[in-house]
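The chain contents come next:
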Amino acid sequence: MKLFSSWSGGKDCMLALYRMLNNNRHEVLYLVNMCDQETHQSRSHGLISELIKKQAESIGVSILQKGTDFKDYENNLKQVISRLKIQGVEGGIFGDIYLQEHRDWIERVCSEMQVKSFFPLWKENTGELLEEFIDLGFRATIVSVRKDKMSKDWLGRKLDKDFMRDIIGTNIDPCAENGEYHTFVHDGPIFGQSVDIQPDGSRSDESHWFLKIN
C-alpha cells in the first residue's frame, strides 16, 4: 500500500515512519507537514520549513508542506490527501500514542477521505518508546517546551540516556504525548546524512519557549 506520513520533524512521527519502512509491506511516498500559514514554520515545533525539507531529503522521502491556520486545518489536510490520492496514496501514518480524542479525529478525517490510518506506536509504554528511539541511534534536540510544564532550561537538551534519567519519574510524559516538549530529529538509522543545526538563542509566545535554529 502507498502511504503518506503525517510529519512534524519530531521523534514520534520519526519512530512511526521507521517502523513502517522496516515492515517491508508498504511504500511511503510523502511526508505531509502542515505548517503555519503566515510564518511557514512547523506548527507547535516552531521549525522553519527549510529544516523540514533538509530532513526529508536526508531520509529520502518527498515532503509536501501545506500552510494553514487552526480554523482551516481540517479542510487543508483533506485537500492534501485528495492530491495524494490522485498519485495512488491509500493511507497515512500517524505517531499518536494514547490520546484517544485525537485518534478519533484522525480516523474520522481518513474515513471521510476513504484512506486507511496506521498508528504504529499506539498504546505502547512511552518510557519504552523513548528508550527504543535512543537505542536505535536517532539523535534529536528539544526545540520547544510548554511554559506551564517545563522551564526554558530544557531547550537544546539532547534525547539521550541522561535525558531519560532526568525525565522518568517526573510529571512529564517521557514522550511528551501531552505536548510538554517537542523535538527535531537530525540524524538516525534512516538518514543519509546528519542535518546540521545551529542553535541561536530562544524566542517565546504566550504558551511556549522555542529554540531558534539556523
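Residues numbered from 1 in each chain as written. Predicted model: local features only at pLDDT ≥ 70, side-chain atom pairs only at ≥ 80, totals over all residues. Heavy atoms only, no water.

K.L.:
Describe unusual backbone geometry, listing the residues and the values that go with them.
P.N.:
Excluding glycine, residues mostly have negative phi values, and the peptide bonds linking residues are mostly trans. In this structure, K123 is a non-glycine residue whose phi angle is positive, near 65°. With respect to the element layout, K123 can be found in the loop between β5 (116-118) and α5 (126-135). Positive phi outside glycine occurs at A176, with the angle close to 55°. Inspection of the secondary structure puts A176 in the loop between α6 (161-167) and β7 (181-187). (Helix = DSSP H or I, 4+ residues; strand = E, 2+ residues; numbered from the N terminus.)

K.L.:
Can you explain the pairing of strand β9 (residues 208-213)? Please cite residues and give values.
P.N.:
Relative to β9, strand β6 (residues 139-146) is paired through three bridges, and the arrangement is antiparallel. When the bridges of β9 are listed, R146 appears paired with H208. Alignment of strand β8 (residues 199-204) against β9, held across four bridges, turns out to be antiparallel. Bridge pairing links P199 to I213 in β9. Counted between consecutive antiparallel strands, the loop separating β8 from β9 contains three residues. (Pairing = 2+ DSSP bridges.)

K.L.:
Which residues make up the side chain of H208, and what values go with them?
P.N.:
Mapped onto the elements, H208 comes out in strand β9. A polar contact of 2.8 Å, which involves the side chain of H208, links it to the side chain of S207. For H208, the contacting residues outside a window of four places in its chain are S144, V145, R146, K147, G179 and R203. (Polar contact = N/O pair within 3.5 Å; in protein donor to acceptor, adjacent residues only side chain to side chain. Contact = heavy atoms within 4.5 Å.)

K.L.:
Describe in detail the packing of helix α3 (residues 73-86) against helix α4 (residues 100-112), supporting the description with residues and values.
P.N.:
Interaxial distance between α3 and α4 falls to 10 Å at its minimum, and their mutual angle equals 45°. One finds that α3 runs oblique with respect to α4. Seen from above, α3 lies across α4 with right-handed handedness. In contact with Y73, E74, L77, K78 and I81 of α3, α4 contributes W105, R108, V109 and E112. Considered class by class, the residues forming the contact of α3 with α4 number five nonpolar, no polar and four charged. (Axes fitted to C-alpha atoms, helices over the stretch in contact; angles between N-to-C directions. Parallel < 35°, antiparallel > 145°, perpendicular 65-115°, else oblique. Left-handed = near helix turned anticlockwise from the far one by under 90°. Nonpolar A, V, L, I, M, F, W, Y, C, P; charged D, E, K, R; others polar.)

K.L.:
I'd like a rundown of the sheet that holds β8, residues and numbers included.
P.N.:
Ordered in space as β7-β6-β9-β8, the four strands form an open sheet in which the pairing is antiparallel. The two strands at the open ends of the sheet, each matched to only one other strand, are β7 and β8. Pairs of neighbouring strands in the sheet enclose a mean axial angle of 30°, with direction left out of account. Here six bridges tie β6 to β7, and the two strands are oriented antiparallel to one another. When the sheet's bridge partners are listed, R139 is paired in β7 with D187.

Any functional reading would require information beyond the geometric quantities listed.
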